[in-house]
Every structure is written in C-alpha cells, then in structure tokens.
Amino acid sequence: MMLKSINKKNYINGSWVSCSNNIKVYNPSNNEVIAEVPDLPKEKILEAIDDTVKKAEDWRYSNLDQRYEVLRNWYQLIRDNREELASIITLEQGKVISEAYKEIDYALSYVDWFACIVKSHKNYSRYGSNINHRILVDKEPIGAVAAITPWNFPLAMIARKIAPALAAGCSIILKPSEFTPLSALVQAVLLEKSGLPAGVLNVVTCNAKLFGDLICQDFRIRKISFTGSTRVGKLLYEKSAPTLKRMSLELGGNSPYIIFADADQEKVAEELINVKLRSGGQSCTSPNRVFIEKSIYESFVKLISDKFGKCKVGDGFNKSNKQGPLINSNAVEKVNLLLQEAINDGAKISCGGKYKNNFVEPTVIYDCQDDMSIFSNEIFGPVIACYSFDNVDEVISRANNTEYGLQSYLYTKDLAKANMVASKLDFNMVSVNSSMPGAAKAPFSGRKASGFGIEGSDEGIEEFLNTKYINWNY
Ligand code: ADP
C-alpha cells in the first residue's frame, strides 16, 4: 500500500542511491520486516559529505525568498500527505495513529515557524565611537551541518533540524535512526518536490558509529545537531573536539512532575496520562518522577491508576488503542528491568506491570524512593512512578537531585508558590499547570547531562549562524 510510494533508497546530491548491503526496518507491532534501506558504505557516505560541503557554498547565497518558498512548499506537501505520513510513522515507530497525527502537526509548526523566521531575521548595525563609525553585525550561515535523529519522533525531530538549517542558509546531511528511516527518506521526496536544489539536503542510512566518526573527523562539517541518548551525545562531543564544531545536543531527561495538594486532581490526572502516552512514554520530556504532596498521595495514586489502567494497548492502527508497542524488545527489557528493580526495592504496583512482545501495559507504581534505580534513570516507557513529598523545599531539592536538566512540570493554584518553584527548578524548561509545553515558538533545550543548544523559537536559528562583526569607518 502506501509503502510502495516511499523511496527506500538514500538521497545524495539529488540522486536516489542504493547499495548491496541493507538495513532491515521492522514494524514494532509484530516484528515483521516492512522495508530494507541501504547500509551505505564508507566511500558513499564520504561522497554525501562532500556534496553537502560543496552545496553549502551555493545555498548560503540563496536569496531569502527562495528559502521561504522551499519551506512553505514543504509545509504544504506535509499537510497534503498527512494520512500517508501518519501511517508511515505508526508503521515504523509503533505509536498510535492519533499520536502520529499530533507529531505531524508538531513537525509542521517548526517548518511554518522557520519559514516565518527567514523573512524576519535581521542583521543589525549600531554607531561606534563616532557618527562615521559603524558596528555591523552580520549573521552568516555556519556552513555544512550534520544531523542525527532518534526514533521516538521520526518526523518532528527531523523537521526541527532541517527547517532552521535551510532557513539559515546551511546545507545538511541527515542520518535518521536505523529504526525509523522511512519518515526521513520520504521527507527527501517532499523537499525535492518543494524545489530544494540537489545536494542541499542529503539523507543517508548507514552504520551509526561510522557516520558519527566520519562527520566528527571532517573539519568542513561545521556543526552537528544531535538528538538522542546522553551516552552518544558525549561520544560525539568528545570526537568533535579536534575539529571544534558547533554542536546542539538534545539528550536524555529525568522530568520531575510535581503535584501540590491544591491542584485540580482530575485535570492533572488527565494531563499526566496524555503526556505519558506520547510515544508510549518514549520521550525525553516524559514525566519520570511524579512527586505528589502527602495529603493527596493516596487519592491521587488511586485516581491515576484507575484512569491509566483503562488505557488500551495494542496495534497503533486500531483507533481504540491509546498506546502502541515500544520500539523493540531491548526497550521493553530496559523498562521491565527498572520496574523489577523498583519492586524488589519496595515499590508497589497499582495497575499494569506486565508486558507481551513489545507491548507494555500502562503501569503505575507507588511508594517509590529516591535511592531506587528508577529515580535516576530515564524510564522511556508507560510507567508512572509515584513519590510522596511533605513540603516545598524538600520537593524542589529532590526534583533537582538528578544530573539531567531538560523538562519539569508543576501543578498548583498558588501562583506565588508556582513562581518560586519554577525559578528554583534546575531545568531549562518548566511547565506550570500544563503538560503540553512543546511549541515551535518556544526554546526547547536542556542543561547539564541533557545537553545544550536551542531548537525552535527566535534563538533556534542562531544555532546555525555565525555572528560576524565588521568594524566600519566611513
Ligand atoms: P537510543 O538509545 O534512544 O536509541 P541513541 O543515542 O542510541 O538513542 O540513538 C540516537 C541516534 O544516534 C540514532 O540515529 C542512532 O543511530 C545514533 N547513534 C547511535 N550510536 C551512535 C554513535 N556511536 N555515533 C553516532 N550516532 C550514533
């Protein structure tokens, strides 16, 4: 069906390239092979890097109307092909189809936003020491960019990198996750149709480590934009030191989700479940440690367990299912291990707790303690781990007791308390009385082991620009 229309070859310098070795792509719902994509050999990857570098010289001088038009065309093509793109996401990633549509809207918002930014982004000048002296500040494209994307949001993470790169005037070589390459390859089809000149975007599928090594070593690649694990982010950072690249590293998270006793429990429970079900809990902003004030602890655990336990798990194309499979059996094992360790250390299950194949039941555990492995590790699955807290200072200190610093959430009707807690949380993103903070207009970023570099917002494009100062005397 729709898969026939996806080009499963790699897209290099405007040509569709295949090779003798392939990587199998699986449907996580039944572990069947749905496609094979190239396992591109080293010499072809090097060619693709060369093309990206060469085209950086042309695209940097593209006029802004052309960049705007490409991005607007791409936006329209994604919209026109929503059904098919959503099906591809569900097929290769597993998430339920309603979540796949949400991901498309999220991706669209980035393409739209950076199309707008193309037109509004400014260089500026100011007077220097006298009226004939100008300080000119030019924003220049950084050059050739390499992007590595994960499998949890196979379209949105790509849009979030390609759109600002193109808007800034950078060429880009993209290596998507080997688990979800189809959503990426189909974007090459759409961008070609959008009028993007050959070679400005190259999409390759290959051995991840090999690709990482080649781009890190190549001085001409001036930036790496990576979303993935902290482990791989650190490797790329280290390997790029000799070539001193600019980097954006969007890495793991360990989000606290703080619920004060005065919060509207029904609303919080609905929102917590919705955010937890994004990509089946496989999101770096997923609530990882749910802190509940002691006086409502029991009632809230019961409420959330009643609701979460009713969420049906199964194939993502079946509309009655609220959650699909996890990406593969390794992911299931990791979630199950954290769960079993927590149980062994004294946590109790109030709903779920079992799995079959790649399907993990929505699970709530309570009586969790801060010395359990589930406290310090990213769960990346549909498990809500509940902790009780007594007072505000204590919960701030426990929430901050992690090496990660990406997303945090808090719920209270007391706005003075909300303001104080928000300012003390050691995370780059704090969401107050809402669980859906993601927006292209907002700066998405982490601190500490969650990495650095901003995606989205006015600042997102700066990641792809050099700031040049020209000292000008008339
Ligand atoms: P996860 O553990 O969630 O799969 P990873 O960090 O392993 O996250 O994967 C994110 C992206 O990083 C994927 O595109 C993957 O292929 C890529 N990747 C994995 N290992 C390396 C590596 N050694 N060098 C470069 N990229 C890598």
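Conventions used here
Residues numbered from 1 in each chain as written. Predicted model: local features only at pLDDT ≥ 70, side-chain atom pairs only at ≥ 80, totals over all residues. Heavy atoms only, no water. Helix = DSSP H or I, 4+ residues; strand = E, 2+ residues; numbered from the N terminus. Buried < 20%, exposed > 50% of the residue type's maximum accessible area, 1.4 Å probe, protein only. Contact = heavy atoms within 4.5 Å. Areas by Shrake-Rupley, 256 points an atom, 1.4 Å probe, with all protein chains shown as cover. 1 Å grid on protein atoms, 1.4 Å probe; cavity = no way out; pocket = protein on both sides within 12 Å on 5 of 7 lines; lining within 4 Å. Points joined across faces, edges and corners; volume = space filled by probe spheres on them. Core = buried A, V, L, I, M, F, W, Y, C linked by side-chain atoms within 4.5 Å. Pairing = 2+ DSSP bridges. Axes fitted to C-alpha atoms, helices over the stretch in contact; angles between N-to-C directions. pLDDT = per-residue confidence, 0-100. Near = heavy atom within 4 Å. Polar contact = N/O pair within 3.5 Å; in protein donor to acceptor, adjacent residues only side chain to side chain. Sits in = over half its atoms within 2 Å of the grid points. Nonpolar A, V, L, I, M, F, W, Y, C, P; charged D, E, K, R; others polar. Salt bridge = Lys/Arg side-chain N within 4 Å of Asp/Glu carboxyl O. Phe/Tyr/Trp six-rings, centres within 6.5 Å; stacked < 30°, edge-to-face > 60°. Lys NZ or Arg CZ within 6 Å of the ring centre and 35° of its normal. Parallel < 35°, antiparallel > 145°, perpendicular 65-115°, else oblique. Left-handed = near helix turned anticlockwise from the far one by under 90°.

1. Some details on the overall build of the protein chain
Across its full length, the protein chain carries 15 helices and 24 strands. With respect to the principal axes defined by its C-alpha atoms, the protein chain has extents near 70 × 65 × 40 Å. Looking at the protein chain as a whole, 57% of its 474 residues are labelled buried. A separation of at least 24 residues holds for 73% of the contacts in the protein chain among residues at least 6 apart in sequence. Counting every atom, the protein chain has about 19300 Å² of accessible surface; 50% of that belongs to carbon and sulfur.

2. Comments concerning empty space enclosed by the protein
Under the counting rule described, the total for this entry stands at three cavities of 30 Å³ or more. Put simply, the largest cavity is a space of about 150 Å³. Taken together, 17 residues make up the lining of the largest cavity; nearest its centre are Tyr 106, Arg 278, Ser 283, Thr 285 and Phe 444. Sorting the residues of the lining of the largest cavity by element identifies helix H5 (156–168) and strand E20 (407–411) as the ones contributing at least two each.

3. Focus on the nonpolar core
Membership of the largest hydrophobic core comes to 68 residues, with the highest contact counts inside it found for Leu 71, Trp 74, Ile 162 and Leu 201. For this core, the element with the highest residue contribution is helix H4 (residues 97–120), accounting for 13 residues. The residues touching Trp 74, leaving out its near neighbours within four places in the chain, are Val 111, Ala 159, Ile 162, Ala 163, Gln 187, Leu 190, Leu 191 and Ser 194. Of all hydrophobic cores here, the second largest spans 32 residues; its members include Trp 151, Leu 339, Ile 374 and Ala 385.

4. Description of the sheet that holds E20
Overall, mixed pairing links the seven strands, which are arranged E14-E17-E18-E13-E12-E20-E21 in an open sheet. Two strands bound the open sheet, and with one partner strand each, they are strand E14 (348–351) and strand E21 (429–432). This sheet shows a mean twist of 25° between the axes of neighbouring strands, independent of strand direction.

5. Structural notes on the sheet that holds strand E6 (residues 133–141)
Sheet strands pair via backbone hydrogen bonds, and the direction of the pair is either parallel or antiparallel. Taken in spatial order, the three strands make up an open sheet running E5-E6-E24, and their pairing is antiparallel. Unpaired on one side and paired on the other, strand E5 (124–127) and strand E24 (465–473) mark the two borders of the sheet. Across the sheet, the axes of successive neighbouring strands diverge by a mean angle of 20°, strand direction being ignored.

6. Some remarks on the confidence of the model for the protein chain
Detailed reading of the predicted model is not advised wherever pLDDT is low. For the protein chain, per-residue confidence averages 97 on the pLDDT scale, and 99% of positions sit at 70 or higher. Averaged over each element, pLDDT in the protein chain is lowest for E5 (93) and highest for strand E7 (residues 144–148) (99).

7. Description of the site of the ligand
The local shell around the ligand holds 17 residues, among which Thr 149, Trp 151, Lys 175, Glu 178 and Ser 229 are the closest. A distance of 2.9 Å separates an oxygen atom of the ligand from a polar side-chain atom of Lys 175. When atom positions are compared with the pocket grids, the ligand is found to occupy the largest pocket. Those elements that provide at least two residues to the shell around the ligand are helix H7 (208–217), strand E10 (221–227) and helix H8 (230–240). Its residues placed into classes, the shell around the ligand shows eight nonpolar, six polar and three charged.

8. Focus on the layout of surface pockets
Its boundaries defined by the atoms lining it, the largest pocket holds a volume of some 1300 Å³. If you trace the largest pocket, you find 41 residues lining it, with Trp 151, Ser 229, Arg 231, Val 232 and Lys 334 closest to the centre. Broken down by secondary-structure element, the contributors of at least two residues to the lining of the largest pocket are H7, E10, H8 and helix H11 (329–344). Tallied by class, residues from the lining of the largest pocket come to 19 nonpolar, 13 polar and nine charged. Empty space within the second largest pocket amounts to approximately 270 Å³. Lining the second largest pocket are 16 residues, and of these Ser 98, Glu 99, Asn 274, Leu 277 and Lys 322 sit closest to its centre. Among the secondary structure elements, those contributing two or more residues to the lining of the second largest pocket are H4 and helix H9 (265–276). When residues in the lining of the second largest pocket are grouped by element, the largest group, four residues, is from H4. Within the lining of the second largest pocket, the residues separate by chemical class into five nonpolar, five polar and six charged.

9. Brief notes about the pattern of salt bridges
Counted by the stated rule, this structure contains 27 salt bridges. One salt bridge in this structure joins Lys 223 and Glu 463, with 3.6 Å as the shortest N-O distance. Of this pair, Lys 223 sits in strand E10 while Glu 463 is found in the loop between helix H15 (457–460) and E24, placing the two residues 240 residues apart along the sequence. Residue Lys 223 is classed as buried on the basis of its relative accessible area of 0%. The buried category is assigned to Glu 463, whose relative accessible area is 15%. Put simply, Asp 50, Asp 218 and Arg 220 are held in one network by salt bridges that share partners.

10. What about the packing of aromatic side chains?
This model, assessed by the stated rule, comprises 11 aromatic pairs. On the basis of an interplanar angle of 40° and a centroid distance of 5.4 Å, the ring pair of Phe 291 and Tyr 387 is categorised as tilted. Placement of Phe 291 in strand E13 (residues 287–293) and of Tyr 387 in strand E18 (residues 383–389) is noted, with a sequence separation of 96 residues between them. Both residues of the pair, Phe 291 and Tyr 387, count as buried. Here the aromatic cluster, defined as three or more aromatic residues joined through ring pairs, consists of Tyr 257, Tyr 409 and Tyr 411. The lysine or arginine in question, Arg 278, covers the ring of Tyr 106, its NZ or CZ lying 5.7 Å from the ring centre. Sitting over the face of the ring of Phe 375, Arg 289 holds its NZ or CZ atom 4.7 Å from the ring centroid.

11. Comments concerning the packing of helix H3 (residues 82–93) against H4
At a closest axis distance of 9 Å, the pairing of H3 and H4 adopts a crossing angle of 120°. One way to sum up the angle between H3 and H4 is to call them oblique. Note on packing geometry: the crossing formed by H3 with H4 is right-handed. Only Ile 97, Ala 100, Tyr 101, Glu 103, Ile 104 and Asp 105 of H4 make contact with H3, whose side of the interface consists of Arg 82, Glu 83, Leu 85, Ala 86, Ser 87, Ile 89 and Thr 90. Looking at the contact of H3 with H4 residue by residue, the classes come out as seven nonpolar, two polar and four charged.

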